[in-house]
Amino acid sequence: MKKLSENIKYCITSGIALLCSILTFGFLFLPAYFEDNQQDLSLANIAFGTDRVKTNGVLIFAFVLMILGVIGLGYLIYLHAKKSDKDKIITITAIVSAILILVSGIILSLSIFVSGLDKLNSELGFLQGSWGIKIGNILVPIFTLLSVGFTYPSCMIILHHKDLEDKK
């Protein structure tokens, strides 16, 4: 079996990162917060507001960052697929995309605290199970970190190529 070329390896890892970031974006619409006798809220509901929560500009900004990060990863895959030799552009795109996705994932994961939902209910209510988090608030940080982790090889492409030159 032939060795995979370097660009194909980078394309695969960037593709997995893109898939994880798209899944992260999708998980923003899963139930993430519950209260007794109330409808469950997703992170998207918390960001864009409902009858219980006001619209939050910081969370909407995080949504925009997530979308920009996904677009950046798509561009990164395009650069790898066309076998671009512009290592600086690839590295900058990978780093910026990873940072955008990481920052947006962190902000959106903490949306219960950013929106003030934790202050509306007591800590005793959390311990008794009358309010709490659901699967959406668990999957978003996990897939955010997976996406950033799979972007890491593209972030280090300049260093990898310098190491190869030094090895020669």
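Residues numbered from 1 in each chain as written. Predicted model: local features only at pLDDT ≥ 70, side-chain atom pairs only at ≥ 80, totals over all residues. Heavy atoms only, no water.

(A) Summary view of the packing of aromatic side chains. Inspection of every chain in the model, using the stated rule, returns 6 aromatic pairs. Aromatic ring contacts, followed pair by pair, group Phe-25, Phe-29, Phe-48 and Phe-63 into a single cluster. (Phe/Tyr/Trp six-rings, centres within 6.5 Å; stacked < 30°, edge-to-face > 60°.)

(B) Representation of the nonpolar core within the structure. Of all hydrophobic cores here, the largest spans 37 residues; its most connected members are Tyr-33, Ile-46, Leu-108 and Leu-117. Per element, the largest residue contribution to this core is 9 residues, and it comes from helix 3 (residues 57-81). Sequence-distant contacts of Leu-117, defined by excluding residues within four places in its chain, comprise Tyr-33, Glu-35, Leu-41, Ile-46, Val-53 and Ile-112. (Core = buried A, V, L, I, M, F, W, Y, C linked by side-chain atoms within 4.5 Å. Buried < 20%, exposed > 50% of the residue type's maximum accessible area, 1.4 Å probe, protein only. Helix = DSSP H or I, 4+ residues; strand = E, 2+ residues; numbered from the N terminus. Contact = heavy atoms within 4.5 Å.)

(C) Representation of the sheet that holds strand 1 (residues 31-35) within the structure. Ordered in space as 2-1-3, the 3 strands form an open sheet in which the pairing is antiparallel. Among the strands making up the open sheet, the edge pair consists of strand 2 (41-42) and strand 3 (131-133). Where strand 1 and strand 3 come together, 3 bridges link them in antiparallel fashion. Bridge assignment links Phe-34 to a residue of strand 3, and that residue is Gly-132. Here helix 8 (residues 135-155) sits on the sheet and contacts strand 1 and strand 3; the angle it forms with strand 1, its principal contact strand, is near 145°. (Pairing = 2+ DSSP bridges. Axes fitted to C-alpha atoms, helices over the stretch in contact; angles between N-to-C directions.)

(D) Highlighting helix 8. The end-to-end C-alpha distance of helix 8 is 30 Å, a good match for the 30 Å that 21 residues give at a rise of 1.5 Å each. Residues of helix 8 that are buried include every one of Gly-136, Asn-137, Leu-139, Val-140, Phe-143, Thr-144, Ser-147, Thr-151, Ser-154 and Cys-155, and no others. Each buried residue of helix 8 sits inside an arc of 155° when the element is viewed along its axis, so together they form one side. (Expected span 1.5 Å × (residues − 1). Arc of directions from axis to C-beta.)

(E) Up close: the confidence of the model for the protein. Averaged over all residues, the pLDDT of the protein is 85; the fraction at 70 or higher stands at 88%. Across the protein, the element-wise mean pLDDT spans from 60 in helix 7 (residues 123-128) up to 93 in helix 3. (pLDDT = per-residue confidence, 0-100.)

(F) Looking closely at a nonpolar patch on the surface. A contiguous nonpolar surface patch, about 700 Å² in accessible area, is contributed by Ile-8, Ile-12, Ile-16, Ile-133, Ile-135, Ile-138, Ile-142, Leu-146 and Phe-150. Breaking the nonpolar patch down by element, the ones donating at least two residues are helix 1 (6-27) and helix 8. Counting residues per element, the nonpolar patch draws most heavily on helix 8, which supplies 5 residues. Position of Ile-16 relative to the elements: it lies in helix 1. (Patch = residues over 30% accessible without salt bridge, like charges linked within 9 Å, V, L, I, M, F, W, Y side chains within 5 Å. Areas by Shrake-Rupley, 256 points an atom, 1.4 Å probe, with all protein chains shown as cover. Salt bridge = Lys/Arg side-chain N within 4 Å of Asp/Glu carboxyl O.)

(G) Local environment of the pairing of strand 1. Judged from the 2 bridges that link them, strand 1 and strand 2 form a sheet pairing that is antiparallel. The partner of Pro-31 across the bridge, within strand 2, is Ser-42. Counted between consecutive antiparallel strands, the loop separating strand 1 from strand 2 contains 5 residues, among which Asn-37 sits at a positive phi close to 60°.

(H) Fine view of the environment of Glu-6. Mapped onto the elements, Glu-6 comes out in helix 1. Spatially, the C-alpha atoms of Glu-6 and Lys-83 are 9.3 Å apart, while their sequence positions differ by 77 residues.

(I) Up close: the pattern of salt bridges. Summed over all chains, the structure comprises 1 salt bridge. Notably, a salt bridge pairs Asp-40 with Lys-134, separated by 2.7 Å at the nearest N-O pair. Here the residue Asp-40 occupies a position in the loop between strand 1 and strand 2, and Lys-134 occupies one in the loop between strand 3 and helix 8, the gap between them amounting to 94 residues. Lys-134 gets classed as partly exposed once you look at its relative accessible area, which sits at 31%.

(J) Structural detail: the environment of Thr-50. Looking at where Thr-50 falls in the secondary structure, it is placed in the loop between helix 2 (43-48) and helix 3. Look past the residues within four positions of Thr-50 in its chain and what remains in contact with it is Leu-41 and Asn-45.

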